[in-house]
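Descriptive structure summary
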Amino acid sequence: MDTAAPIELRSFVRTSSIVDEVWGPSPNADVARARFDTLASFLLHFEEEKEFEQAREDDIIATIRAFRQYPGKRKSELRIDSESVPARSSSSSDGPNFDLVVRCMFLTACSTPRSPTMGGHSIFRPRWKESESLERYLARVFPVTRAPQQDLTSFRLQKLSASYLGSFACVRIGWTDKLSDHLILLKGEGWKILYLFRHLGFLKVSLDVLGDADEDTAQTPLEALKLGCLPPSLLKETLMTLAIIFPVVGDNASRGILEREVEKNGVDKHFLEGFHLDSRGHEWPSDALDPSDIRSLYQKYPYWADRLYDLWREADNPTPTTRIERWTEARRHPRFSYWCTVISILIAISFGVFAIALSAIQVWISWCTWVDDPTVPQCQYKKGS
């Protein structure tokens, strides 16, 4: 499936205007065309979200500009500013476009207050509070977790590859349009699905914009939002987690899974080009090494460590899915083990008593045969023989 085909049917100029509003204008037409191609799947999703809510494009553009200019303003203040502009349509005065633009601009779930189910097929459905700024809302949706100080449990990152998860934990790969649903593992009776963020072009373009900006100002989430981007550390870490699931080298099985997903499920074709990580080098020596314990996992992946750890626990001790596995799992309770032990001991005792009785009979028969005297009371059975 070519995700760019439906977009090409629309006006390139009109679609490029959205891209320019989010990430700034392209320096020339060639760069604009390359960016357009990289963002093909993102733009298709953007159009679907906009058409679903029947939002006006000028309202969306005005909201994007407000988000970039005032990421530190509370949502209620942004609404007051929006209502004070006469050119804005009345349909946006109650704020649904705010939530829509968060979903489209940052590919982050944001439930509409009047209808929490709106906003795409999200698993995690947070709600942007009136008292929160855009910066604080995104910080709540993408929290940074602290590394546990004493947890040095051994950890193998290779268990998180798509091939290992599929072969040993029966985990299938699913795809999500929302970055907030990335690495969520859902389990049910007979199935397990790991959801991965599908818009790789969105991550690459955002990092390119942040890379072209001044390095000092691009380090804070607030300054990144002013450039139309999520925090750079979150974007880079997301790319790193995708490289864990689909290793660039040394795992042909995972590579095959990725190629099938791109071909059959219309996943962003840029997945096949690799992830191009650590192009600026490493800041610390530990950055060049894979985490070897839980603490180092949280230190290296502060945004996604909780979900990576949950996924690793599933890979290390898979939840049973088949009937036989569930039957076996149900009988792992200590009480069941206790009664199995008691029954085993009783059976062993019974076999022991039977063996002793059988040995005694054999001794008795052997003795009578050796005596060979039917008149002996214990050997009267030989009278008839």
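These figures come from a predicted structure and were not determined experimentally.

For the rest of this paragraph, the subject is the pairing of strand β1 (residues 172-176). Within β1, 4 of the 5 residues are buried, which leaves the element mostly enclosed by the surrounding structure. Here β1 runs beside strand β3 (residues 191-197); their pairing, made up of 5 bridges, is parallel. Counted as the bridge partner of Trp175 is Leu196 from β3.

A few words now on the nonpolar core. If you look at the biggest cluster of nonpolar residues, it comprises 84 residues, and the most contacted ones within it are Trp23, Phe67 and Leu194. With 8 residues, the top contributor of residues to this core is helix α12 (residues 232-245). Not counting residues within four places of it along the chain, the set of residues in contact with Phe67 comprises Leu78, Phe98, Val101, Val102, Met105, Phe106, Trp128, Leu134 and Leu225.

Our focus in this paragraph is helix α4 (residues 40-53). The periodicity of an α-helix, 3.6 residues per turn, causes residues three or four places apart in sequence to face the same way. The end-to-end C-alpha separation of α4 is 21 Å, in line with the 20 Å expected for 14 residues at 1.5 Å each. Within α4, the full set of buried residues consists of Ala40, Ser41, Phe42, Leu43, Leu44, His45, Phe46, Glu47, Glu49, Lys50 and Glu53. Positive backbone phi, at 55°, marks Gln54, one or two positions downstream of α4.

Quick look at helix α6 (residues 75-83) now. Buried residues of α6: Lys75, Leu78, Arg79 and Ser82, and no others. Seen end-on, α6 carries its buried residues on one side only, within an arc spanning 100°.

Another aspect to go through is the environment of Thr241. Along the polypeptide, Thr241 turns up in helix α12. Given the relative accessible area of 0%, Thr241 is considered buried. Residues Thr241 and Trp304, spaced 63 residues apart in sequence, show a C-alpha to C-alpha distance of 8.0 Å. When sequence neighbours within four positions are dropped, the list of residues in contact with Thr241 reads His182, Leu183, Tyr301, Trp304 and Leu308.

Right, let's get into the side chain of Asp268. When you line up the elements, Asp268 lands in the loop between α13 (252-265) and α14 (294-300). In this structure the side chain of Asp268 is engaged in a polar contact, spanning 2.8 Å, whose partner is the side chain of His270. With sequence-adjacent residues up to four places away left out, Asp268 is seen in contact with Thr38, Ser41, Arg198, His199, Leu200, Gly201 and Val262.

What counts, and at which threshold
- Residues numbered from 1 in each chain as written.
- Predicted model: local features only at pLDDT ≥ 70, side-chain atom pairs only at ≥ 80, totals over all residues.
- Heavy atoms only, no water.
- Buried < 20%, exposed > 50% of the residue type's maximum accessible area, 1.4 Å probe, protein only.
- Helix = DSSP H or I, 4+ residues; strand = E, 2+ residues; numbered from the N terminus.
- Pairing = 2+ DSSP bridges.
- Core = buried A, V, L, I, M, F, W, Y, C linked by side-chain atoms within 4.5 Å.
- Contact = heavy atoms within 4.5 Å.
- Expected span 1.5 Å × (residues − 1).
- Arc of directions from axis to C-beta.
- Polar contact = N/O pair within 3.5 Å; in protein donor to acceptor, adjacent residues only side chain to side chain.

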